[in-house]
Amino acid sequence: MTNPFIRDVNRHWRVSYRQNGYPHVQQGWVLPPEQKEEFDPFILMAEDWFKRGTFSDHPHRGFQTITYVIDGRLEHIDNHGGHSILDAGDVQYMNAGWAARHAEEAVDDDLIHTLQLWLNLPKSLKTTTTSYQNVYVEDAPVVPFDGGQLRVYSGEIAGVKGPMESLVPITMTEISLKEGSEYEHILPANHNSFLYVLAGSVEVGTSSTPLTKTDVATLTFDETSEAVSTLRLKATTRTRLLVYSGKPIREEYIAHGPFVMNTEEEIRQAFRDYHSGVFGPPAVK
């Protein structure tokens, strides 16, 4: 049996925030968009606090989003008649594919707090049918272990399979640890991976790199391996974190506004299609 690849922290940083005022109250880049090549297949991750009216009707093409609700109520409306409300711990997966048009709103007077991850699509899947999937917190399987538990939203982790149906192979896991507890998280060795600390403080990897709330770490990986990898976590206080992983796509692409395509001409065509009505009518209830 091949020994597992043992992961360590590659780089780490603390998220900085800007105060935007009303209605987009505050934003920070968990994964900054200008470093997208390093994060492949992920493009960016934004942490947002916002009121109603910030992300009203808008289009997307050529990628996927994974939106995790930290606090508040998130109302989703799309122009295919879809409507739902997500609460803390819920996740929405969207395949923008060829032509998504939707709105993401705070409910009533809520101040909504979310993490939104942009996940690339390979060229062969950029024209797929738009779809949305809600993963409610109670439907994501929970695996207890000595000193904590994990909740699996996507991928096969710790003997269970998360309900999220991504078009590309990814994992998304929320891990909760009691103070002083240790855990070895198992991931595919060839997945690029990062983690975000939601609460507490933790030592990560073979280097025991100390991370605390709002810290991000990218992790070492072996893109040539078909085996598994292990990631050591040791909580120095009660801790909650998210771990994401995905297999790199390794295609050149351009992210411009709400569109992610492979060429400048495809970006221009997306804007033309949107303005000419190809994306359909506005998203309204």
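Per chain, residue numbering runs from 1 following the sequence as it is written. Where totals are concerned, whole chains, interfaces and linings use all residues; where local detail is concerned, this predicted model gives features only for residues with pLDDT of at least 70, and gives and counts side-chain atom pairs only at 80 or more. With hydrogens and water stripped out, all remaining heavy atoms of the structure feed into the side-chain values.

**Notes on the overall build of the protein**
Looking only at helices and strands, one finds two helices and 27 strands in the protein. The C-alpha radius of gyration of the protein comes to 19 Å, within 12% of the 19 Å expected for a compact globule of 285 residues. Along the three orthogonal principal directions, the C-alpha set of the protein runs to about 55 × 45 × 35 Å. Note on exposure labels: buried denotes an accessible area under 20% of the residue type's maximum, exposed denotes more than 50%, and partly exposed covers the range between, all computed with a 1.4 Å probe on protein chains only. Looking at the protein residue by residue over its 285 residues, the buried ones come to 56%. Restricting to contacts in the protein with at least 6 residues of sequence separation, those with at least 24 account for 74%. Secondary structure follows DSSP: runs of H or I at least 4 residues long count as helices, runs of E at least 2 residues long count as strands, and numbering of each begins at the N terminus. Radius of gyration here is computed from C-alpha atoms only, and the compact-globule reference equals 2.2 Å multiplied by the residue count raised to the power 0.38. When checking whether two residues touch, look at their non-hydrogen atoms; a contact exists if any pair is within 4.5 Å.

**Focus: the packing of aromatic side chains**
Side-chain rings of Phe, Tyr and Trp (the six-membered ring for Trp) are treated as a pair once their centres are within 6.5 Å; stacked means planes under 30 degrees apart, edge-to-face means over 60, and tilted covers the remaining angles. The full count for this structure, using the stated rule, is eleven aromatic pairs. Ring centres 4.9 Å apart and planes at 10° place the aromatic pair Phe194 and Tyr244 in the stacked group. With Phe194 in strand 20 (residues 192-199) and Tyr244 in strand 25 (residues 239-246), this residue pair connects regions lying 50 residues apart in the sequence. Each member of the pair, Phe194 together with Tyr244, is buried. Their ring planes at 40° and their centres at 5.8 Å tell us that Phe259 and Phe279 sit as a pair that is tilted. With Phe259 in strand 27 (residues 259-261) and Phe279 in the segment after helix 2 (264-275), this pair connects stretches of sequence that are 20 residues apart.

**Observations concerning the pairing of strand 11 (residues 100-106)**
For a regular strand, side chains alternate in direction, first toward one face of the sheet and then toward the other. Of all seven residues making up strand 11, seven are buried, and the element is well covered by its neighbours. On strand 11, burial covers both faces: Ala100, His102, Glu104 and Ala106 on one face and Arg101, Ala103 and Glu105 on the other are all buried. In this structure, strand 6 (residues 55-60) lies alongside strand 11, joined through four bridges in antiparallel fashion. When the bridges of strand 11 are listed, His60 appears paired with Ala100. Each pair of strands is called paired provided DSSP finds at least two bridges between the two strands.

**Considering the sheet that holds strand 7 (residues 63-71)**
Strand order across the open sheet formed by seven strands is 3-4-5-12-7-10-13, with antiparallel pairing between neighbours. Either end of the sheet is taken by a strand with one partner, and the two such strands are strand 3 (17-19) and strand 13 (131-135). Adjacent strand axes in the sheet meet at a mean angle of 15° when their direction is disregarded. Judged from the five bridges that link them, strand 7 and strand 10 (residues 91-95) form a sheet pairing that is antiparallel. Within the sheet, the bridge partner assigned to Ile66 lies in strand 10 and is Tyr93. Geometry is summarised by axes, namely lines fitted to C-alpha atoms with helices restricted to the contacting stretch, and by angles between N-to-C directions that run from 0 to 180 degrees.

**Observations concerning the side chain of Asn120**
Residue position: Asn120 is located in strand 12 (residues 112-120). Judged by its relative accessible area of 2%, Asn120 falls in the buried class. Pairing of N or O atoms within 3.5 Å defines a polar contact, subject to two protein rules: one partner must be a possible hydrogen donor and the other a possible acceptor, and residues neighboring in sequence count only if both atoms are side-chain atoms. A distance of 2.9 Å separates polar atoms of two side chains, one belonging to Asn120 and the other to Lys126. Not counting residues within four places of it along the chain, the set of residues in contact with Asn120 comprises Pro41, Ile43, Gly62, Phe63, Gln64, Lys126, Val168, Ile249, Tyr253 and Val260.

**Re the pattern of salt bridges**
The rule for a salt bridge is simple: a side-chain nitrogen of Lys or Arg has to be within 4 Å of a carboxyl oxygen of Asp or Glu. Counted according to the given criterion, the structure contains 17 salt bridges. Across the pair Arg73 and Asp108 runs a salt bridge whose closest N-O atoms are separated by 3.6 Å. Within this pair, whereas Arg73 is found in the loop between strand 7 and strand 8 (74-78), its partner Asp108 is found in the loop between strand 11 and strand 12, the two being separated by 35 residues in sequence. With a shortest N-O distance of 2.7 Å, Arg250 and Glu223 are connected by a salt bridge. Of the two residues, Arg250 is situated in the loop between strand 25 and strand 26 (254-256) and Glu223 in the loop between strand 23 (215-219) and strand 24 (228-235); the sequence distance between them amounts to 27 residues. Assessed through its relative accessible area of 47%, Arg250 is described here as partly exposed. The exposure class assigned to Glu223 is partly exposed, which follows from its relative accessible area of 36%. Taken together, the salt bridges that share partners define one network made up of Asp40, Glu223 and Arg250.

**Considering the environment of Trp13**
Structurally, Trp13 is set in strand 2 (residues 9-14). A residue is classified by how much of its surface remains accessible, and Trp13, at 16% relative accessible area, is buried. A C-alpha to C-alpha distance of 42 Å links Trp13 and Gly277, two positions 264 residues apart in sequence. Setting aside its immediate chain neighbours within four residues, Trp13 contacts Trp29, Val30, Leu31, Pro32, Phe39, Thr214, Asp215, Val216 and Thr218. A polar side-chain atom of Trp13 sits 3.1 Å from the main-chain carbonyl oxygen of Val30.

**Structural notes on unusual backbone geometry**
Across the chain, the bulk of peptide bonds are trans and the bulk of non-glycine residues have phi less than zero. Going from Tyr22 to Pro23, the amide bond is cis rather than trans, its omega being 5°. Looking along the chain, the bond that leaves Asp40 and enters Pro41 is cis, with omega of 15°. In this fold, Pro41 is placed in the loop between helix 1 (36-39) and strand 5 (42-50). Unusually for a residue other than glycine, Ser208 sits at a positive phi of about 50°. Its location among the elements puts Ser208 in the loop between strand 21 (201-204) and strand 22 (209-212). We note that Arg250 has phi near 60°; this positive angle belongs to a residue other than glycine.

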